[in-house]
Amino acid sequence: MSALLRQIPANIPQDIRKIRIENSHLTELPRGSFENVSALEYLWLNFNNITVMHIKSLEYLPALKELRLQGNKLSSVPWTAFQDTPTLKILDLKHNRLDVLPEHALRYLPNLTYLDLSSNQLTIISRDVFYNWPVYQRSQRTEGPLEAISNAVLALHDNPWICDCRLRGFVQFIKSVGPPIILMNSYLTCSGPKFRTGKFFHEVELNSCTKPLTSALDTNLTVPAGLNITLTCFVQASPSPAVWWTYALKLLRAFNVSTEPISEDTVRSELLIPAARPADAGNYTCTAANFLGNTSVAISLRVVAPWASTTPRGWAPVAPAEPGAHVEVRIAKQTVYGITLEWFAAAAAAAEPGETWYTLLVGRYDAAQKDTIYIGPGVNTYSVTDLLPATKYEVCVTVRNQAPRKGQCVVFVTGSDVSQMEQREKLIHIVVIVCAMVLAVPAGMYACTAEALPGCLARCPSACPRRRRGGPAQAAGSKESTLDSLPAGSEDGLCRPDGGRGARRPPAREEPGKARPPHRNSADLY
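Computed from a predicted model, the values in this text were never measured in an experiment. (Residues numbered from 1 in each chain as written. Predicted model: local features only at pLDDT ≥ 70, side-chain atom pairs only at ≥ 80, totals over all residues. Heavy atoms only, no water.)

## Here's the deal with the overall build of the protein chain
Move 1: Helices and strands together make up the secondary structure of the protein chain, namely eleven helices and 27 strands.
Move 2: In the protein chain, once contacts between residues fewer than 6 apart in sequence are set aside, the share between residues at least 24 apart is 64%.
Move 3: Counting only carbon and sulfur atoms, one obtains 53% of the accessible surface of the protein chain, whose full area is about 29,600 Å². (Helix = DSSP H or I, 4+ residues; strand = E, 2+ residues; numbered from the N terminus. Contact = heavy atoms within 4.5 Å. Areas by Shrake-Rupley, 256 points an atom, 1.4 Å probe, with all protein chains shown as cover.)

What follows is the structure in structure tokens.
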């Protein structure tokens with residue numbers, strides 16, 4: 001008791017008839033755990049941490065009469081392991097985690113007189129589990145003396161039974177069971193579904209299982225834009241089916257879907273579409289499924305504008321304004337490609353905020369037609385995206401289907417595209433660098449150009465001396481040569497009075513008091 005054992009001891013004497021190991025740290029029963037104690041008759045392993053039981057863990061125990069595994073963590077039991085214990089009379093498995101009993105579970109327990117499966121996680125089991133039990137089969141035989149059959153105590157209480165059609169056979173078995181099978185607690189109770197929670201087995205009548213049958217009151221709906229729409233489908237099935245909605249082959253979000261039972265075999269599923277828009281139009285499919293199959297029904301939704309009148313050029317059709325209805329609009333946030341609007345409805349519009357919907361008109365300021373967006377009740381903000389940069393737009397918000405009034409429209413200009421500005425800056429930098437490289441002419445070439453006379457190359461060498469004798473006025477005029485005269489000037493600078501080659505003539509000194517030509521930097525050239 002309370003020993004720190006993690007496995008079955010290997011040195012148990014062979015003539016031991018009873019072993020009791022409780023409140024220890026045993027986690028499994030491996031194969032051949034008791035192969036050296038074939039005389040064992042009583043095995044108590046209560047309140048350990050056993051989670052795994054090998055199919056051959058009870059091998060070499062033909063004399064075992066009592067096996068107690070109460071308070072462990074078994075979620076399944078290898079029921080064929082009891083082929084090695086043909087004389088077993090007591091099997092205690094209460095307070096474990098068993099959730100399934102296969103149909104052959106009791107087939108290898110022919111001499112059992114006590115079976116405790118209480119306080120587990122059993123929800124659905126078949127009556128065939130007990131119909132295949134040799135103890136029950138012997139009790140159904142008409143020949144032979146009944147007093148020769150021993151009673152068998154069966155404990156099945158404190159399990160979370162789900163009382164639907166799948167448990168119908170087992171409920172019928174419990175109602176009809178009698179000696180030699182005796183229920184320790186005959187008041188088995190239902191834990192589900194909700195409308196049967198807490199009822200006793202003898203109080204319920206369960207129907208046969210059926211495949212789901214889906215239906216809808218209206219499969220073609222036409223609704224005005226901006227309203228909250230609820231699509232409804234009804235499903236008849238047993239057991240209760242799983243229901244989901246799809247739109248354009250996509251599963252719709254669960255928080256917009258509510259499913260609840262309205263009778264024993266019928267559930268109602270509703271899909272909420274808040275502030276319906278024309279983009280929400282299409283086919284919505286309600287699908288239901290249980291273990292017998294699945295079926296579905298499609299509902300076609302059409303969303304139209306809530307009015308059909310004509311209005312001034314540039315705006316969508318709206319109705320005349322209602323007295324007292326007014327909306328204050330402001331820009332809460334603006335980006336390069338869009339804005340976020342906020343508005344406040346006053347006067348008559350605020351009287352019924354839960355039923356007041358709005359119309360948003362947006363488009364370029366000079367556009368002939370504006371786009372119309374319908375906003376459902378309870379919404380007072382909207383973001384307009386995908387706008388063109390550096391463009392003038394106009395946005396109006398109106399109550400219901402009214403025409404826009406003064407103060408309900410906002411005119412704005414979107415910002416410049418950041419990427420285009422960066423590209424423009426890069427282009428400016430490149431142009432400035434190129435201009436600097438062109439202007440960075442060698443000093444000698446610039447001096448030669450300043451002294452050169454226009455057209456000297458055409459009359460060189462004879463004309464060049466004459467032009468040079470022309471006086472200071474011509475020399476000063478040559479200093480005003482621009483960048484376009486550089487090629488000609490560079491050639492004229494090579495002329496000499498004698499027409500030969502020799503030292504280059506030094507540049508003329510600037511006369512005092514003479515005005516210098518204005519300096520032109522790279523920015524002026526650009």
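From this point on, the discussion continues.
## Notes on the nonpolar core
Move 1: Of all hydrophobic cores here, the largest spans 58 residues; its most connected members are Leu67, Trp79, Leu91, Phe130, Trp133, Phe170 and Phe201.
Move 2: Elements with a contribution of two residues or more to this core: α1 (128-131), α2 (134-139), β8 (152-155), α3 (168-176) and β10 (181-183).
Move 3: Of all the elements, α3 adds the most residues to this core, at four residues.
Move 4: Within the second largest apolar cluster, 22 residues are counted, among which are Val223, Ile229, Val267 and Val303. (Core = buried A, V, L, I, M, F, W, Y, C linked by side-chain atoms within 4.5 Å. Buried < 20%, exposed > 50% of the residue type's maximum accessible area, 1.4 Å probe, protein only.)

## Digging into the packing of aromatic side chains
Move 1: Scanning all chains against the criterion turns up twelve aromatic pairs.
Move 2: Arranged with centres 5.6 Å apart and planes meeting at 70°, the rings of Tyr136 and Phe173 form a pair that is edge-to-face. With Tyr136 in helix α2 and Phe173 in helix α3, the pair connects residues that are 37 residues apart, well separated along the chain.
Move 3: A residue is classified by how much of its surface remains accessible, and Tyr136, at 15% relative accessible area, is buried.
Move 4: Judged by centre distance (6.3 Å) and plane angle (70°), the rings of Trp161 and Phe201 are edge-to-face. Taken as a pair, Trp161 in strand β9 (residues 161-162) and Phe201 in the loop between β11 (190-192) and β12 (210-215) lie far apart in primary sequence, 40 residues in all. For the pair formed by Trp161 and Phe201, the shared burial category is buried.
Move 5: Its end group placed over the ring of Trp44, Lys18 keeps NZ or CZ at 4.7 Å from the ring centre.
Move 6: Above the ring of Tyr365, the side-chain terminus of Lys392 is found at 4.1 Å from the ring centroid. (Phe/Tyr/Trp six-rings, centres within 6.5 Å; stacked < 30°, edge-to-face > 60°. Lys NZ or Arg CZ within 6 Å of the ring centre and 35° of its normal.)

## Brief notes about the pairing of strand β27 (residues 409-413)
Walk down a regular strand and you will see the side chains alternate between the two sheet faces.
Move 1: Burial of β27 is one-sided: the residues Val410 and Phe412 facing one way are buried, the residues Cys409, Val411 and Val413 facing the other way are not.
Move 2: Pairing between strand β26 (residues 392-399) and β27: five bridges, direction antiparallel. Across the sheet, the residue bridging to Tyr393 is Phe412, located in β27. (Pairing = 2+ DSSP bridges.)

## Considering a nonpolar patch on the surface
Move 1: A cluster of nonpolar side chains, Ile430, Val434 and Val438, forms an exposed patch at the surface whose accessible area comes to about 250 Å².
Move 2: Along the chain, Val434 falls in helix α5 (residues 418-439).
Move 3: Since its relative accessible area comes to 44%, Val434 is described here as partly exposed. (Patch = residues over 30% accessible without salt bridge, like charges linked within 9 Å, V, L, I, M, F, W, Y side chains within 5 Å. Salt bridge = Lys/Arg side-chain N within 4 Å of Asp/Glu carboxyl O.)

## Quick word on the state of the cysteines
Move 1: A full pass over the atoms with the stated rule returns four disulfides.
Move 2: The disulfide that involves Cys165 links it to Cys209, with 2.0 Å between the sulfurs. Looking down the S-S bond of the Cys165 and Cys209 bridge, the torsion is 100°, so its handedness is right-handed. Here the residue Cys165 occupies a position in the loop between β9 and α3, and Cys209 occupies one in the loop between β11 and β12, the gap between them amounting to 44 residues. (Disulfide = S-S within 2.5 Å.)

## Things to note about the sheet that holds strand β14 (residues 229-238)
Move 1: Taken in spatial order, the four strands make up an open sheet running β12-β14-β18-β17, and their pairing is antiparallel. Each edge of the open sheet carries a strand with a single partner, namely β12 and β17 (257-261). The mean angle between the axes of side-by-side strands here comes to 20°, regardless of whether they run parallel or antiparallel.
Move 2: For β12 and β14, the ladder comprises four bridges, and the chain directions are antiparallel. Within β14, the position partnered with Leu213 by the bridge is Gln236. (Axes fitted to C-alpha atoms, helices over the stretch in contact; angles between N-to-C directions.)

## Overview of the pattern of salt bridges
Move 1: Counted according to the given criterion, the structure contains 14 salt bridges.
Move 2: Here Lys94 makes a salt bridge to Asp116, at a shortest N to O gap of 3.4 Å. On the criterion of sequence distance, the pair formed by Lys94 in the loop between β6 (90-92) and β7 (114-116) and Asp116 in strand β7 is long-range, its members being 22 residues apart. Both residues of the pair, Lys94 and Asp116, belong to the buried class.
Move 3: In this structure, Glu270 and Arg268 form a salt bridge, with 3.8 Å as the shortest nitrogen-oxygen distance.

## A closer look at unusual backbone geometry
Trans is the common state for peptide bonds, and a negative phi is the common state for residues other than glycine.
Move 1: Cis geometry is found at the peptide bond from Pro179 to Pro180, where omega equals 15°.
Move 2: The residue Pro180 is located in the loop between α3 and β10 in this model.
Move 3: That bond from Gly192 to Pro193 is cis: its omega, -5°, falls within 30 degrees of zero.
Move 4: Residue Tyr60 is not a glycine yet carries a positive backbone phi of 70°.
Move 5: Relative to the helices and strands, Tyr60 resides in the loop between β4 (52-53) and β5 (66-68).
Move 6: The partly exposed category is assigned to Tyr60, whose relative accessible area is 43%.
Move 7: Here His95, not a glycine, exhibits a phi torsion of approximately 60°, which is positive.

## Observations concerning the environment of Asp116
Move 1: Overall, Asp116 belongs to the buried group, its relative accessible area being 2%.
Move 2: Considered as a pair, Asp116 and Arg68 are 48 residues apart in the sequence and their alpha carbons are 9.5 Å apart.
Move 3: Residues in contact with Asp116, not counting those within four places in the same chain, are Leu91, Asp92, Leu93, Lys94 and Ala155.
Move 4: A polar atom in the side chain of Asp116 sits 3.4 Å from the side chain of Lys94.
Move 5: Engagement of the side chain of Asp116 in a polar contact is seen with the side chain of Tyr114, the distance being 2.9 Å. (Polar contact = N/O pair within 3.5 Å; in protein donor to acceptor, adjacent residues only side chain to side chain.)

## Focus on α3
Move 1: What α3 keeps buried is the set Gly169, Phe170, Val171, Phe173 and Ile174.
Move 2: Buried-residue contacts for α3 involve α1, α2, β9 and β10.

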